[in-house]
Amino acid sequence: MKKNRAFLKWAGGKYPLIEDIRRHLPAGDCLIEPFVGAGSVFLNTDYEKYILADINSDLINLYNIVKERTSEFIGHARQLFDAEANTSQVYYLLRSEFNLCTDAYRRAVLFLYLNRHCYNGLCRYNLSGEFNVPFGRYKKPYFPENELNWFAEKSQQAIFVCEHYQQTLMKATQGSVVYCDPPYVPLSTTANFTAYHTNSFNNLEQQNLARLAYRLASEEQVPVLISNHDTLLTREWYCDAVLHVVKGRRTISRNILGRSKVNELLALYDYADRHGAID
């Protein structure tokens, strides 16, 4: 199966692990993702329906606009991908406009521009909710027209919602499959990079997600697959799941030498298969 790229750059995006994730995702008629991010799993699976959620309202607004106003959006967004808009002066002007903007459509256009022109494609907000990632200084940012068209076509099978992961998980009924890609547990105390959005995702949230996954699988027979770093803590939290170890690549480190391969866990709660195991 051909791999489809997301149109956004995204820290922790799942494109490199798609084959591993597909291998361990159970069959079903609806895939539910409470942490959709850039949507790589959605774009590379074949379920009849999707419920795709995220706490980031800018992300969900963008997806709904790409789904409903594809050609118009592509036309307007493309205008910001010329050499004149690829300067720090224009970037900071447009970033300020975005932070003051209340028009949903314009905000979506600016969000794509910021994502492709900012440092490392990060999505980060300050405590006032303002996007604050600096200019990325790329020679020629890529305009993802093909990726936008594919996303728009595929999204006709999807519903996009902005809400807390717990609300999304409550939508799961028999026949659904859940894939969770929460902000990862840091590998060290200095690597704490979980505040992509103004809501940070702490260890209590991580444990709550594991408990909800166990409950969904055991009480509702809804299988849940969770991605995270392979650490002593995550192994403890996911002790009721079948654990699969896969090799991920860290891409957030500023030092390119720090972008090494690390072990990640795919924790599968599936009560068709009741025994905890490790591959």
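About the cut-offs
Residues numbered from 1 in each chain as written. Predicted model: local features only at pLDDT ≥ 70, side-chain atom pairs only at ≥ 80, totals over all residues. Heavy atoms only, no water. Helix = DSSP H or I, 4+ residues; strand = E, 2+ residues; numbered from the N terminus. Contact = heavy atoms within 4.5 Å. Disulfide = S-S within 2.5 Å. Axes fitted to C-alpha atoms, helices over the stretch in contact; angles between N-to-C directions. Parallel < 35°, antiparallel > 145°, perpendicular 65-115°, else oblique. Left-handed = near helix turned anticlockwise from the far one by under 90°. Nonpolar A, V, L, I, M, F, W, Y, C, P; charged D, E, K, R; others polar. Buried < 20%, exposed > 50% of the residue type's maximum accessible area, 1.4 Å probe, protein only. Salt bridge = Lys/Arg side-chain N within 4 Å of Asp/Glu carboxyl O. UniProt positions renumbered as here; feature names shortened; annotations may be inferred. 1 Å grid on protein atoms, 1.4 Å probe; cavity = no way out; pocket = protein on both sides within 12 Å on 5 of 7 lines; lining within 4 Å. Phe/Tyr/Trp six-rings, centres within 6.5 Å; stacked < 30°, edge-to-face > 60°. Lys NZ or Arg CZ within 6 Å of the ring centre and 35° of its normal.

Peer 1: Can you help me understand the environment of S176 in this one?
Peer 2: With respect to the helices and strands, the residue S176 is situated in strand β4 (residues 176–180). Along the primary structure S176 and K49 are separated by 127 residues, whereas in three dimensions their C-alpha atoms are 9.2 Å apart. Apart from residues no more than four positions distant in its own chain, S176 is found in contact with D29, C30, I32, V222 and P223.

Peer 1: Please clarify how the state of the cysteines should be interpreted in this entry.
Peer 2: Disulfides are covalent bonds that link the sulfur atoms of two cysteine residues. Evaluated as defined, the whole model comprises zero disulfides. Cysteine C118 shares no disulfide, and the gap to the nearest cysteine sulfur, in C123, comes to 7.8 Å.

Peer 1: Just to check I follow, could you spell out the packing of helix α5 (residues 88–100) against helix α6 (residues 104–117) for this structure?
Peer 2: Contact geometry of α5 with α6 gives a least axis separation of 10 Å together with a crossing angle of 140 degrees. By the angle between their directions, the pair α5 and α6 is classed as oblique. Helix-helix and strand crossings are classified by hand; for α5 and α6 the assignment is left-handed. Listed contacts from α6 to V90, Y91, L94, R95, E97, F98 and N99 of α5 are R106, R107, L110, F111, Y113, L114 and H117. Here the residues of the contact of α5 with α6 are counted per class, giving eight nonpolar, two polar and four charged.

Peer 1: Would you explain unusual backbone geometry in this entry?
Peer 2: Residues other than glycine predominantly adopt negative phi, and peptide bonds predominantly adopt the trans conformation. The backbone of N120 sits at a positive phi, close to 60 degrees, despite the residue not being glycine. Relative to the assigned elements, N120 resides in the loop between α6 and α7 (145–154). Judged by its relative accessible area of 23%, N120 is partly exposed. Within the chain, Q221 stands out as a residue other than glycine whose phi angle is a positive 55 degrees. Looking at the secondary structure, you find Q221 in the loop between α9 (203–220) and β5 (224–229).

Peer 1: Before we go on, may I ask you to explain the pattern of salt bridges in this structure?
Peer 2: One pass over the structure, following the stated rule, counts nine salt bridges. The residue E19 makes a salt bridge to K3 at a minimum N-O spacing of 3.6 Å. Highlighted residues: E19 in helix α1 (residues 18–24) and K3 in the segment before α1, separated in sequence by 16 residues. Under the relative-accessibility criterion, E19 is labelled partly exposed at 36%. The closest approach of N and O atoms between R78 and E145, which form a salt bridge, is 2.8 Å. One end of the pair, R78, is in helix α4 (residues 70–78); the other, E145, is in helix α7, with 67 residues separating them in the sequence.

Peer 1: Help me understand the UniProt feature "binding site: S-adenosyl-L-methionine" (unreviewed entry) in the protein in this model?
Peer 2: Here the UniProt feature "binding site: S-adenosyl-L-methionine" (unreviewed entry) sits at W10, K14, D54 and D181. Among the annotated residues just listed, those that line the largest cavity are W10, K14 and D181. The topology assignment puts W10 in the segment before α1. Residues in contact with W10, not counting those within four places in the same chain, are G37, A38, N56, L59, N115, G121 and C123. Mapped onto the secondary structure, K14 falls in the segment before α1. For K14, a relative accessible area of 7% translates into the label buried. Sequence-distant contacts of K14, defined by excluding residues within four places in its chain, comprise I21, S40, V41, Y179, D181, Y184, S227 and E264.

Peer 1: Explanation requested: the packing of aromatic side chains in the structure shown.
Peer 2: Two measures describe an aromatic ring pair: the distance that separates the ring centres and the angle between the ring planes. Taken as a whole and assessed by the stated rule, the structure comprises 21 aromatic pairs. Taken together, a centroid distance of 6.1 Å and an interplanar angle of 85 degrees make the contact between Y47 and Y50 edge-to-face. Assigned by exposure class, Y47 and Y50 land together as buried. Here a set of aromatic residues connected by ring pairs shows up, and it is made of F7, F42, Y47, Y50, Y63, F151 and F160. Above the face of the Y138 ring, K9 is positioned so that its terminal group lies 3.8 Å from the ring centre. Lying over the aromatic face of F98, R107 brings its terminal NZ or CZ to 4.0 Å of the ring centre.

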